[in-house]
Amino acid sequence: MKTSNPVLARLGQAAERERAAGYAPAGAYGQPGYGQPYPTEAGYPAAPPTVTPMSIDDVVVKTVTLLGITGLSAALAWVLVPDALVGAAWIGAAVVGLVLGLVISFMRIANPALVVTYAVVEGVFVGMVSKFFEVIAGYEGIVLQAVIATFGVFFLMAGLYKAKAIRATPKFIRGVIAATVGIFAVILINFVLALFGVDTGLRSGGPVAIGFSLICIVIASLSFILSFHEVEEGVRMGLPRRYSWTAAFGILVSLVWLYIEILRLLSYFQGDD
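The shown structure was predicted, so the numbers you read here are calculated from the model rather than taken from an experiment. (Residues numbered from 1 in each chain as written. Predicted model: local features only at pLDDT ≥ 70, side-chain atom pairs only at ≥ 80, totals over all residues. Heavy atoms only, no water.)

For this particular structure, what's the right way to read the layout of surface pockets?
Leftover empty space is mapped by rolling, across the atoms, a probe with the size of a water molecule. Approximately 630 Å³ is the volume attributed to the second largest pocket. Along the walls of the second largest pocket sit 24 residues, with Ala158, Tyr161, Phe228, His229 and Glu232 positioned nearest its centre. Secondary-structure elements contributing two or more residues to the lining of the second largest pocket are α2 (56–80), α5 (142–162), α7 (207–237) and α8 (244–270). Of the residues that constitute the lining of the second largest pocket, the class distribution is 15 nonpolar, three polar and six charged. (1 Å grid on protein atoms, 1.4 Å probe; cavity = no way out; pocket = protein on both sides within 12 Å on 5 of 7 lines; lining within 4 Å. Points joined across faces, edges and corners; volume = space filled by probe spheres on them. Helix = DSSP H or I, 4+ residues; strand = E, 2+ residues; numbered from the N terminus. Nonpolar A, V, L, I, M, F, W, Y, C, P; charged D, E, K, R; others polar.)

Help me out: how do you make sense of the pattern of salt bridges in this one?
Opposite charge on two side chains allows them to pair when their charged atoms are near. A complete count under the given rule lists four salt bridges for this structure. Taking the shortest distance from any N to any O, the salt bridge between aspartate 83 and lysine 131 comes out at 3.1 Å. A residue pair is termed long-range when its members are at least 10 positions apart, and aspartate 83 in the loop between α2 and α3 (86–106) and lysine 131 in helix α4 (residues 112–136) qualify at 48 residues. The buried category is assigned to lysine 131, whose relative accessible area is 7%. (Salt bridge = Lys/Arg side-chain N within 4 Å of Asp/Glu carboxyl O. Buried < 20%, exposed > 50% of the residue type's maximum accessible area, 1.4 Å probe, protein only.)

How should the side chain of glutamate 122 be read in this particular structure?
By the element assignment, glutamate 122 lies in helix α4. Nearest to the buried, unbridged glutamate 122 among oppositely charged side chains is arginine 264, at 12 Å. Each residue touching glutamate 122, except ones within four places of it in the same chain, is listed here: Thr70, Ala93, Gly97 and Val256. (Lys, Arg positive; Asp, Glu negative; His and termini not counted. Contact = heavy atoms within 4.5 Å.)

Could you clarify how one ought to interpret the packing of α2 against α8 in this entry?
Helices that pack against each other are described as a pair by the angle of their axes relative to one another and the distance between those axes. Orientation of α2 relative to α8, taken along the N-to-C sense of each, is 50°, at an axis distance of 8 Å. On the basis of their axis angle, the class for α2 and α8 is oblique. Considering only the axes of α2 and α8, their crossing is right-handed. Two secondary-structure elements touch here, α2 through Asp58, Val59, Lys62, Thr63, Thr65, Leu66, Leu67 and Thr70 and α8 through Ser244, Trp245, Ala247, Ala248, Phe249, Ile251, Leu252 and Leu255. (Axes fitted to C-alpha atoms, helices over the stretch in contact; angles between N-to-C directions. Parallel < 35°, antiparallel > 145°, perpendicular 65-115°, else oblique. Left-handed = near helix turned anticlockwise from the far one by under 90°.)

Purely spatial values, then, with no claim about function.
Structure (structure tokens):
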């Protein structure tokens, strides 16, 4: 089945290779299903292993699992990392998480261990950012507000997608991917300039920073539509169950990004008090 999504295209190619090697989902593409005998030759049973295709429930379970791991890792980092090392741990986790995220995104196979590792690293990153705003910067209650807002947006986008109020058309997909790449390029350039003492105003708390965070929040929210579409297409394409880890990874990335941007936005308004 053709798809306009490059990530799904790579996963689909991987699934095709597995099917060509005899690892087709049970009951799919003419393969025997569970409980059905496989053809034998010369009295020797030939029973290549079958792979159960992923379902939406699989993705939900994996997503909840990754969120639990991320939350636990964030809580441990918050408690164990002293205030003096928050900045170093924040930057270190961000760099490692970025590298792992790129590796997972461009791999042609699903790797549950790598995805779980990413969740642990992102937990440290989220924990350090949260501790900075809540404890060091002194914005009391901001973490709880950001968490509630993040999941509120997530469930809102899920409802809009289910109601087909927003459709993941090829044009929409290309637009969101382009916007995401563009916004991350701007964030990276801004970070490099900040290292050299150049203040672009994108993160300084002024009107430009508020506008930039709002743009990031909108794009992060729309990225959920792509994730939901990937899950539906993956199920329809009969991808093996382990690819549900890859789908859950995509949702986790959007949730973390959205949370960080909401946290920043709330800090701008609290900073005016």
